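What the coordinates show
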Amino acid sequence: MPKEPSNPKKSATLDGNLLLADPSLRDGCFDRSVVLLLEHGKEDGAFGLVLNHPIGQVVGDFLTDDEFAPLRKIAVHSGGPVSAEQMTFCSLWWSPKRGLRYRSRISSEDAVKQSRMPGRIVRAFIGYSGWTPGQLEKEMKANAWVTIRPGPELFGQPHDRALWTNVMAGISPFHRILSLAPDHPFLN
C-alpha cells in the first residue's frame, strides 16, 4: 500500500518524519538523501541525520578502545554538512503502538547500552543536517523535499544509496517515476 506524503501544514512539527530529497536537489551533500528529521520547531529550526550516505568506514576505525568493541562494526554515515568533525550516535526502534522511536545525540557509552537492547538499531554519524528557523519550510515550499512518515520496513532495508530509490518508489506511481530518473536527465 503506497504511503501518503506527510502534510506539513497539518502539523506544527515534522519530528520523526523522513525527508526525501527531490531529484532536482543536486548539491552533493543532499543528493538523493533520506533524512530522519529528529527535531523541528518554528523557533529553533530543524535537526536531522542523513540515513543513506555511508562513508565506507566503521566505528572501529575511529574508536579503538575495548570498551567500544560492541560498536566497532557499525557503519559510519555522513549525517550532514554541519559539524562534520564530530561523531554522534542515534538509536532507532519500532513501536507497534507509537511508530518510529529514537534517541539522538547519545554518547558512545549509551550507544553500547542501546546496542544490547533487543529491537534497537544503533547508527553512527559524522556531522548532521541543520536548518535555521524557517529555512526548511522555505525549501519545502520550493519542493526540494518530500516528507513521509516512516514505516517498519525502514528497518529491513540497508541504509545505503538505494534507500532513497526504495522509499521514494513506494510513495506513489508519480514518485516511482521520480525514483527512476537518471542522475543527469539532460545529458541523455
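With respect to the overall build of the protein chain
Secondary structure assignment for the protein chain yields four helices and nine strands. Scanning the protein chain from its N terminus toward the C terminus, one meets helices and strands in the order β-β-β-β-β-β-β-α-β-α-β-α-α. Buried positions account for 45% of the 188 residues belonging to the protein chain. Within the protein chain, contacts between residues at least 6 apart in sequence are counted, and of these 64% link residues at least 24 apart. If you sum the accessible surface of the protein chain, you get close to 10,300 Å²; carbon and sulfur atoms cover 54% of it.

Observations concerning the pattern of salt bridges
A complete count under the given rule lists three salt bridges for this structure. The salt bridge involving arginine 105 is made with glutamate 39; its shortest N-O contact spans 3.5 Å. You can see arginine 105 sitting in strand β7 (residues 99-106) and its partner glutamate 39 sitting in strand β2 (residues 34-41), a full 66 residues away along the chain. The closest approach of N and O atoms between arginine 103 and aspartate 110, which form a salt bridge, is 2.9 Å. Using a relative accessible area of 15% as the deciding quantity, one classes aspartate 110 as buried.

Focus: the packing of aromatic side chains
All chains considered together, the criterion is met by five aromatic pairs. Ring plane angle 85° and centroid distance 6.0 Å describe the contact between tryptophan 131 and tryptophan 145, whose orientation is recorded as edge-to-face. Of this pair, tryptophan 131 sits in strand β8 (residues 121-131) while tryptophan 145 sits in strand β9 (residues 145-148); the two residues are 14 residues apart in sequence, bridging distant segments of the chain. On the accessibility criterion, tryptophan 131 (5% relative accessible area) is buried. An aromatic cluster of three or more residues is present, and its members are Phe30, Trp131 and Trp145. If you follow arginine 105 out to its NZ or CZ, it ends over the ring of phenylalanine 47, 3.7 Å from the centre.

Conventions adopted
- Residues numbered from 1 in each chain as written.
- Predicted model: local features only at pLDDT ≥ 70, side-chain atom pairs only at ≥ 80, totals over all residues.
- Heavy atoms only, no water.
- Helix = DSSP H or I, 4+ residues; strand = E, 2+ residues; numbered from the N terminus.
- Buried < 20%, exposed > 50% of the residue type's maximum accessible area, 1.4 Å probe, protein only.
- Contact = heavy atoms within 4.5 Å.
- Areas by Shrake-Rupley, 256 points an atom, 1.4 Å probe, with all protein chains shown as cover.
- Salt bridge = Lys/Arg side-chain N within 4 Å of Asp/Glu carboxyl O.
- Phe/Tyr/Trp six-rings, centres within 6.5 Å; stacked < 30°, edge-to-face > 60°.
- Lys NZ or Arg CZ within 6 Å of the ring centre and 35° of its normal.

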